[in-house]
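# Examination of the molecular architecture
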Amino acid sequence: MRLPRAPHTALLLCVAATTLTGCSGAGSGSLDRSSGAPGSVRSSSTAPSVAADSRQSVVTFTGASSSRAADLRRTTDRMRARARSLGLTDVRVETHDRAITVTGPSVDEKRLRELGVSGRLGFRPVLAEETPGAPQAPQPSPSASSDPAQGRAVTEGLRPRAAGSASASAVPAPAEGGAQDAALQQRFAALDCTRRKRPETERDAPAQDPVVACGADGSASSPRAKYLLGPTAVDGSHVASAKALRDQQIGNWTVRLDFDSVGARQFSALTGDPSINTAPQNQFAIVLDGAVISAPSVSRRLGGGTADISGSFTRESAEQLAATLGSGALPAPVALTSVTRLPHS
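Here's what I pulled together on the structure shown here. Sequence order as written defines residue numbering, which begins from 1 separately in each chain. This being a predicted model, a pLDDT of at least 70 is required before a residue's local features are given, and a value of 80 or more before pairs of side-chain atoms are given or counted; all residues contribute to the totals for chains, interfaces and linings. For the side-chain quantities, the full set of heavy atoms in the structure was used; hydrogens and water were omitted.

### Notes on the pattern of salt bridges
For clarity, the cut-off: By definition here, a salt bridge exists when the distance from a side-chain nitrogen of Lys or Arg to a carboxyl oxygen of Asp or Glu is within 4 Å. The helix and strand labels rest on DSSP assignments: H or I over at least four residues marks a helix, E over at least two residues marks a strand, and numbering proceeds from the N terminus. Accessible area is worked out with a 1.4 Å probe on protein chains only. A residue is then buried under 20% of its type maximum, exposed over 50%, and partly exposed in between.
As enumerated under the stated definition, the model contains 11 salt bridges in all. R80 is paired through a salt bridge with D77; the nearest N and O atoms lie 3.2 Å apart. Highlighted residues: R80 and D77, both in helix 1 (residues 69–85), separated by three residues, approximately one helical turn. We classify R80 as partly exposed; its relative accessible area is 33%. On the accessibility criterion, D77 (43% relative accessible area) is partly exposed. E109 is the partner of R341 in a salt bridge, and the nearest nitrogen-oxygen pair spans 2.8 Å. One end of the pair, R341, is in strand 15 (residues 334–341); the other, E109, is in helix 2 (residues 109–114), and 232 residues separate them in sequence. Given the relative accessible area of 53%, R341 is considered exposed.

Have a look at this one:
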């Protein structure tokens, strides 16, 4: 079953029940973690890349000084698993002290860079949302107050649901005195998502904390939305596998996520709470490395343990996202530090 597309999102989430009616497709480029071994490859129909010439590129990533050697080795293993999932059989991923080098054909340089994407995934309830230039929906206020409507959404969204009420979401209440409410309002108001370069937001915030975030995509005619999000309800560690699929009827590419048993229960609970609320608090956000890649609305609890993320995917971008999500987040986040193109051999 496909969820209605929120007008501001770049992607659309399709959640499938036990039988995946309307979500059919033939797979490509999947990565499976269901066996318990990080980054074990389930299947891939992606053909190995064929270089236009013999040039090689060396992409160097550097881990933080606080990263442990064991975590860097595990990160190297997951980057190798991503490369195998993408069919990059002629790529070498090696660890050198605190650096990880990826060597492969220059024609694949974009994919070599993307092997180092952190891949931290989370599903969070939407507490407030704002799109520049769009009229803001009024927020109900339970009593006469000088609080602005935006502040009302933040405050109500952070309080637990009273028995029998339709609250913004069931998330932990802030400390007494409203200090946390005020700080969140200030962070949300100060966040500027209109700049060409997406600002670094709270990508490394603890899962139990509310965060502010920008949408992943935007343009001059459709600027990025900004969001205030509740604590993580489902994290990427509960994605058992991810694979790129092509819908045989309409030809679009999607990325299918299969949750483990814990993730399936958590996802059902997440979609059950927003379904009784009004916009934007009937939405949940799919957050990848600090950016909201989709924020669909729901009208009822969704089960089945499987979700399809679809949008303006090419085969390459769908396979890349599947490889990133299927391998899990890198144990030691790394930063791209250099790209060297070697001369013809």
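### Looking at helix 1
Quick reminder of the rule: The length a helix should cover is 1.5 Å for every residue beyond the first.
Compared with an ideal rise of 1.5 Å per residue, which puts 17 residues at 24 Å, helix 1 spans 25 Å between its outermost C-alpha atoms and is within 8% of the ideal. Just beyond helix 1, the residue with positive phi is G87, at close to 80 degrees.

### Regarding the pairing of strand 14 (residues 306–311)
How we decide: A pair of strands counts as paired when DSSP detects no fewer than two bridges linking them.
The buried fraction of strand 14 amounts to five of the six residues, a majority that puts the element mostly inside the structure. In terms of strand pairing, strand 11 (residues 253–259) meets strand 14 through five bridges, oriented antiparallel. Opposite L257, over in strand 14, you have A307 as the bridge partner.

### Describing the packing of aromatic side chains
Rules: Aromatic contacts are taken between Phe, Tyr and Trp rings whose centres are within 6.5 Å, Trp giving its six-membered ring; a plane angle under 30 degrees counts as stacked, one over 60 as edge-to-face, and the others as tilted.
A full pass over the atoms with the stated rule returns five aromatic pairs. Measuring from ring centre to ring centre gives 6.3 Å for F123 and F284, while their planes differ by 40 degrees; the resulting arrangement is tilted. Here F123 is found in strand 6 (residues 121–130), whereas its partner F284 is found in strand 12 (residues 284–288), with 161 residues between them in sequence. A residue is classified by how much of its surface remains accessible, and F284, at 0% relative accessible area, is buried. With 5.2 Å between their ring centres and 25 degrees between their planes, F259 and F267 make a pair best called stacked.

### Considerations on the nonpolar core
To keep it simple, the criterion reads: Think of a nonpolar core as a cluster: buried Ala, Val, Leu, Ile, Met, Phe, Trp, Tyr and Cys residues, connected wherever their side-chain atoms sit within 4.5 Å. Working rule for contacts: check all heavy atoms of both residues, and any pair within 4.5 Å makes them a contact.
Formed by 25 residues in total, the largest nonpolar core has its most connected members in L121, F123, L257, F267 and L325. Taken together, the elements giving at least two residues each to this core come down to strand 6, strand 10 (239–246), strand 11, helix 5 (261–272), strand 12, strand 14 and helix 6 (315–327). Other than its neighbours up to four places away in sequence, L121 contacts D235, G236, V239, L257, I286, V287, L288 and L325. Residues V59, A83, L112 and V334 belong to the second largest nonpolar core, which totals 17 residues.

None of the figures reported here should be taken as evidence of function without further support.
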